[in-house]
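Structure assessment
Read off the chains here:
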Amino acid sequence: MEETKNSPPIQGVVIITLPPPDNPSYGKTITAFTLSDSPTHQQQEEEEPPQQSQPHNQDLNTGVLRASLERSFFFRPKIVFGLLGISLIALSFWSSLTQETVFELRDVEHDHKSSNSSFILPLYPKRGGAWNSRTDDEIKLGRFVDFKPDIFMDQEKIAKSLSAATKLDSSVNFPVRGNIHSEGLYYTCMRVGNPPRPYFLDIDTGSDLMWIQCDAPCTSCAKGAHPLYKPRNVNMIPPKNPYCVEVQENLKSKYCDNCHQCDYEIEYADRSSSVGVLAKDELQLVLANGTRTKRSVVFGCAYDQQGTLLNTLASTDGILGLSRAPISLPSQLASHGLINNVIGHCLRTDTNGGYLFLGNDFVPQWRMSWVSMLNNPFPNLYQAQLMKMNYGGKELRLGSTSYGQGTVVFDSGSTYTYFTDQAYKALISMLEEISSEDLIKDASDTTLPICWRAKFPVRSIEEVRQFFKPLNLQFGSKWRIVSTKLWIPAEGFLTISEKGNVCLGILDGSNVHDGSAIILGDISLRGQLFVYDNVNQKIGWIRSNCERPEKVPSPPFF
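Residues numbered from 1 in each chain as written. Predicted model: local features only at pLDDT ≥ 70, side-chain atom pairs only at ≥ 80, totals over all residues. Heavy atoms only, no water.

1. What about the overall build of the chain?
Along the chain, the regular secondary structure elements total 10 helices and 28 strands. Here the chain holds 558 residues, and the buried ones make up 50% of them. Carbon and sulfur atoms make up 52% of the accessible area of the chain, which amounts to about 27,400 Å² in all. (Helix = DSSP H or I, 4+ residues; strand = E, 2+ residues; numbered from the N terminus. Buried < 20%, exposed > 50% of the residue type's maximum accessible area, 1.4 Å probe, protein only. Areas by Shrake-Rupley, 256 points an atom, 1.4 Å probe, with all protein chains shown as cover.)

Take a look at the structure:
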């Protein structure tokens, strides 16, 4: 008893939680607590009415404890600063050892700071062999181009189709989303119309317009996952509508000043294209708090698709444009006051899809890596300034850029990643070092330009990742201590072919746009949550298994 009385008072507690034995990758958690009795807390306790009378001796003991704590903390600055240092070290360890994304989600139903809401959409990898054949890969980065009058639908034909559409019934068949074969482009389900009908749309941060294949009538459409969208007369957007002015702002001349429809053409970086007319209809949404709502949105009624787009539309119905343009879906919903203009997507590294959210309620509030969003050279794309890029410990030259700086475009609509010519050649040269008896090039595999054959059929990248080094992209500053880095492991640039070979998912981007930017496609965006904050003009990321957002307590000391 005497020893207990003379022992120093407890000033803090550190709790170390070890990872589960069956999954050590979760890392350990270090949490530190300090004992304090702030005046504010004391005042709150004094103002609370006592629930029951306390013995006099207990009050005396409490007073002694308070005096002891005050002497220990408030009158010993060294101890205070020492504990603060320990706390910061513990927080640093906690952040560095935790392997999975930790989300702190605000409760939508109780968040009164903003009237805006958010909603989450599940993502699915596209069925089929999109990752097993070069003929099916996509490079979106769509842009509106000048009209070619001969390819546009005659206005009289569209009018006849719109009149006939009113006679259709409202029955809809919902296909089973099964047999997901391999990793590929990711799509989500949107419900459009009244009554609402489902449509599978590729998520594309590199395109402006959301469009759905439609029967206006259709000149060239793929079979798709669902019946074609049927527009009505009331759905058509007139040429003088502000959104029509936006999609036609780069035209050399007006195509039809007296038309009752707004024509457009989009050309993608892979030379595929989509032609259609602008329409307006109700979009059915389920907010994060469970509330159902609907908004009228403008989108493309696409009746003529050409190029590789037709191949990738075999199991989808169109494209969900998520860029910064005013006509993109997030911008439209933000203009309605429904959400804040923030987009987030998380693509899983396996075949189970991921999720997409619009709005800022599901943005992690700490441990995110953030970089500033560039406005040039591509105003509507999500891009950031790249200072350095390394493969392992060796730097890759970025090419003909100003002051050694490059541009990185984040494009969820592209299958693979594209480097500038100089960076690509430097990477290929470095990869020559991995040739060995265990992993040799296989020129007979034409899945991608470079494939390697192992002594055994490769089933996962884990089996060969020891032959490759990670990519490190450094943003913001050449100095490591103040820069922001994006780490891309071997899984972020390798894929497996049907022959069981491992192939390089980084391609030469010399002919993509002007060839000056590095484009990160789906293969490099997987395994991390990416957030595009158009309100604060910044882009962020954090590692994640992308199963679902999880609500957890706040980090230590906050």
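Now, onward.
2. Digging into the packing of aromatic side chains
Under the defined criterion, the tally for this structure stands at 13 aromatic pairs. Here the aromatic rings of F357 and F362 are separated by 6.1 Å at their centres, their planes lie at 50°, and the arrangement is tilted. F362 matches F357 in its accessibility class, with the two residues each being buried. (Phe/Tyr/Trp six-rings, centres within 6.5 Å; stacked < 30°, edge-to-face > 60°.)

3. Re the nonpolar core
One finds F410, F419, W452, F468, L473, F475 and F493 to be the most contacted residues of the largest nonpolar core, which totals 80 residues. No other element matches the 6 residues that helix 9 (residues 421-431) contributes to this core. When near neighbours in sequence (up to four residues on either side) are disregarded, W452 contacts L431, I434, L439, I440, K441, D442, F468, L494, N501, V502, C503 and L504. Formed by 18 residues, the second largest nonpolar core is a distinct cluster that contains C262, L309, L313 and I327. (Core = buried A, V, L, I, M, F, W, Y, C linked by side-chain atoms within 4.5 Å. Contact = heavy atoms within 4.5 Å.)

4. Structural notes on the sheet that holds strand 24 (residues 502-504)
The strand order across the open sheet formed by 4 strands is 19-20-24-23, and the pairing between neighbours is antiparallel. Lying at the two open borders of the sheet, with one neighbouring strand each, are strand 19 (439-441) and strand 23 (494-496). On average, adjacent strands in this sheet sit at an angle of 35° to one another, irrespective of strand direction. Two elements, strand 23 and strand 24, share 3 bridges in a ladder whose sense is antiparallel. (Pairing = 2+ DSSP bridges. Axes fitted to C-alpha atoms, helices over the stretch in contact; angles between N-to-C directions.)

5. Points about the state of the cysteines
Inspection of every chain in the model, using the stated rule, returns 5 disulfides. Each disulfide pairs two cysteine sulfurs, and for C346 the partner residue is C546, the sulfurs being separated by 2.1 Å. Taking the torsion about the S-S bond as the criterion, the C346 to C546 disulfide, at about -70°, is left-handed. Of this pair, C346 sits in strand 12 (residues 342-347) while C546 sits in the segment after strand 28 (538-543), and the two are 200 residues apart along the sequence. At a sulfur-sulfur separation of 2.1 Å, the disulfide partner of C451 is C503. (Disulfide = S-S within 2.5 Å.)

6. Remarks on the confidence of the model for the chain
Per-chain confidence: the chain averages 75 in pLDDT, with 63% of residues scoring 70 or above. For the stretch residues 23-27, pLDDT sits under 50, and the model shows 11 contacts to residues farther than four places along the chain or on other chains. Across residues 93-114 the pLDDT falls below 50, and counting only partners more than four positions away or on other chains, this stretch makes 63 contacts in the model. (pLDDT = per-residue confidence, 0-100.)

7. Topic: the pairing of strand 5 (residues 186-192)
Looking along a regular strand, one sees side chains alternate from face to face of the sheet. In terms of burial, strand 5 is a largely internal element, 6 of the 7 residues being buried. In this structure, strand 5 lies alongside strand 6 (residues 197-204), joined through 6 bridges in antiparallel fashion. Within strand 6, the residue paired with M190 across the bridge is Y199.

8. Let's talk about the pattern of salt bridges
All chains considered together, the criterion is met by 11 salt bridges. For R453, the salt bridge is made with D442, and the minimal N-O distance between the two is 3.8 Å. A residue pair is termed long-range when its members are at least 10 positions apart, and R453 in strand 20 (residues 451-454) and D442 in the loop between strand 19 and strand 20 qualify at 11 residues. For D442, a relative accessible area of 10% corresponds to the buried category. Among the ionic pairs, E462 bridges to R465, the shortest N-O distance being 3.2 Å. For R465, a relative accessible area of 28% translates into the label partly exposed. Sharing partners across several salt bridges, the network here consists of E462, R465 and E491. (Salt bridge = Lys/Arg side-chain N within 4 Å of Asp/Glu carboxyl O.)

9. Some words on the UniProt feature "active site" (unreviewed entry) in the chain
The UniProt record annotates "active site" (unreviewed entry) at D204 and D411. Over a stretch of 208 residues, the named residues converge on one spot in the fold, their C-alpha atoms separated by at most 6.6 Å. Locating D204 in the fold gives a position in strand 6. Look at D204 and you get buried, because its relative accessible area is 0%. Locating D411 in the fold gives a position in the loop between strand 17 (406-410) and strand 18 (417-419). Looking at D411, the relative accessible area reads 0%, which means it is buried. Here G206 takes part through its backbone nitrogen, which lies 3.3 Å from a polar atom of the side chain of D411. (UniProt positions renumbered as here; feature names shortened; annotations may be inferred. Polar contact = N/O pair within 3.5 Å; in protein donor to acceptor, adjacent residues only side chain to side chain.)

10. Some details on the side chain of Q305
Here Q305 shows up in strand 10 (residues 292-306). A distance of 3.2 Å separates a polar atom in the side chain of Q305 from a polar atom in the side chain of Q213. Filtering out sequence-adjacent residues up to four positions away, Q305 remains in contact with W211, Q213, S220, C221, S273, S274, V275, L310 and L313.

11. Regarding the side chain of D442
A distance of 2.9 Å separates polar atoms of two side chains, one belonging to D442 and the other to N501. In this structure, D442 is in contact with C451, W452, R453 and N501, ignoring residues within four places of it in sequence.

12. A short note on unusual backbone geometry
In the segment running from N194 into P195, the intervening peptide bond is cis, with an omega of 5°. In this fold, P195 is placed in the loop between strand 5 and strand 6. In the segment running from A216 into P217, the intervening peptide bond is cis, with an omega of -10°. Positionally, P217 belongs in the loop between strand 7 (211-213) and helix 6 (242-247). Located in the positive-phi region is R367, a residue other than glycine, with phi close to 70°. Assignment of secondary structure puts R367 in the loop between strand 13 (354-358) and strand 14 (369-372). One non-glycine residue, C546, adopts positive backbone phi at about 60°. Accessibility expressed as a relative area gives 0% for C546, which makes it buried.

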